[in-house]
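# Topology and contacts: notes
Listed below are the residues making up each chain.
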Amino acid sequence: MAIVLGPNRYGKAETRLVSVARDGETHTLTDLNVSIALSGDLAATHLTGDNSGVLPTDTMKNTVYAFAKERGVGEPEQFALQLARHFVSTQSQIDKAHITIEAYGWERLGPHSFQRRGDHTRLAAVTVTAEQEQVVSGVTGLTLLNSTASEFHGYPKDRYTTLPETRDRILATAVDARWRHLTADGDWAGSFAGALEALTTAFANTYSHSLQQTLYAMGSYTLSQRPELAEVRLALPNKHHYLVDLSPFGLTNDNEVFIAGDRPYGLIEGTVIRDDAPPAGVEWYL
Ligand SMILES: O=c1[nH]c(=O)c2[nH]c(=O)[nH]c2[nH]1
């Protein structure tokens, strides 16, 4: 029996970068959280403490800030690609760079005034090797609600089932979604806006018999609208809204008064794929 080093990677997590593009009077704000994970021939440092192949994570953080100045930040997918290519091409012991970026939105209030958007966070994740570049975009924390056009019935019942069947309920979720691009160059801003629009349109327009059905509708509509995408992965928490029993007060409740549940929640997860798309080159997770 031998004990060996398994898969490993390292990098600087959550480098917070705020960049102001001072193009005259009207400034543009970019607000990112950048995480870097490098892997390759890193056995020596783990096994013997030889750090000759260990680019410091501090240097990775500095590279983020220097690239912001030297190249500008631009779209998160593009910025992540530039960083990933840099580490793979300049560090011979590194064969894979995985960069994830959370981009926080700021709405313009004036030429140099902004209001932080709280409604969702944009995501980008790229993986670069010598052979391949994979780009994934996504969104998290996008809370959506339909106040009707949602039913849930016809499910199996056993001795522990208490859930009443419903023909009219609130359907609400906080969308956590990732979508894989077919190529590593594109109109990242337009693609993100289009995918977000497709997801929300499908949520609003689907008459739902389950959140699972809504998940498939959101993924398939997004792929139908966005030819640059190969695959959409969705994790949809079912943000339950429970009807309040108003009968103790002699009142009816015709789907008007709800308790917003917190925990536990149903979690519906699924992938929708274009069947002629090439498979992902490297595994990616939500
Ligand atoms: O849309 C739903 N899907 C389920 O699987 C489920 N399970 C549950 O209790 N409520 C719901 N709603």
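Above this text sits the structure in question.
Presented here is a report on the structure given in the accompanying data block. (Residues numbered from 1 in each chain as written. Predicted model: local features only at pLDDT ≥ 70, side-chain atom pairs only at ≥ 80, totals over all residues. Heavy atoms only, no water.)

## Here's the deal with the nonpolar core
Put simply, the rule reads: Grouping buried Ala, Val, Leu, Ile, Met, Phe, Trp, Tyr and Cys residues that are joined through side-chain atoms within 4.5 Å yields what is termed a nonpolar core. For each residue, the accessible area found with a 1.4 Å probe, counting protein chains only, is set against the maximum for its type, and the residue is called buried under 20%, exposed over 50%, and partly exposed in between. Numbering of helices and strands starts at the N terminus; helices are DSSP runs of H or I of at least 4 residues and strands are runs of E of at least 2. In this entry, domain limits derive from an automatic or database-based domain assignment. The contact criterion used throughout is that any non-hydrogen atoms of two residues lie within 4.5 Å.
Of all hydrophobic cores here, the largest spans 30 residues; its most connected members are Val34, Phe79 and Ile99. At the level of secondary structure, the elements contributing two or more residues to this core comprise strand S2 (26-40), helix H2 (57-71), helix H3 (76-90), strand S3 (94-110) and strand S4 (113-129). Broken down by element, this core gets its largest block of residues, seven residues, from H3. Here this core spans two domains, and each of domain 1 (7-45 + 52-129) and domain 2 (132-286) adds at least three residues to it. Apart from residues no more than four positions distant in its own chain, valine 34 is found in contact with Lys12, Ala13, Glu14, Thr15, Val64, Phe79, Leu83, Ile99, Thr100 and Ile101. Leu171, Val175, Ala195 and Leu234 belong to the second-largest nonpolar core, a separate cluster that totals 23 residues.

## Points about the site of the ligand
The test is simple: Near, as used in this document, describes a residue that has one of its heavy atoms within 4 Å of the molecule or strand being considered. Under this definition, polar contacts are N or O atom pairs within 3.5 Å; protein pairs additionally need one hydrogen-donor-capable and one acceptor-capable atom, and for neighbouring residues in sequence, both atoms have to be side-chain atoms. Surface exposure here means Shrake-Rupley accessible area, sampled with a 1.4 Å probe, where a residue is shielded only by the protein chains that are shown. Classes in brief: Ala, Val, Leu, Ile, Met, Phe, Trp, Tyr, Cys and Pro nonpolar; Asp, Glu, Lys and Arg charged; the others, Gly included, polar.
The environment of the ligand is made up of Phe152, Leu163, Arg169, Ser210, Leu211, Gln212 and Asn238. In this structure, an oxygen atom belonging to the ligand sits 2.8 Å away from a side-chain N or O atom of arginine 169. Asparagine 238 has a polar side-chain atom sitting 3.3 Å from a nitrogen atom of the ligand. Within the complex, the protein chains bury 71% of what would otherwise be the 290 Å² of accessible surface of the ligand. By residue class, the composition of the shell around the ligand is three nonpolar, three polar and one charged.

## Comments concerning unusual backbone geometry
The linkage connecting arginine 263 with the following residue, proline 264, adopts the cis geometry, with an omega of -5 degrees. Checked against the element boundaries, proline 264 lands in the loop between strand S9 (258-260) and strand S10 (266-273). Positive phi values are uncommon outside glycine, yet alanine 149 reaches one of about 65 degrees. Within the secondary structure, alanine 149 is located in the loop between strand S5 (133-146) and strand S6 (171-181). Its relative accessible area of 26% is what places alanine 149 among the partly exposed residues. The phi torsion at asparagine 255 lies on the positive side, around 60 degrees, for a residue other than glycine. Along the chain, asparagine 255 falls in the loop between strand S8 (241-243) and S9. Residue classification places asparagine 255 among the partly exposed residues on the basis of a relative accessible area of 28%.

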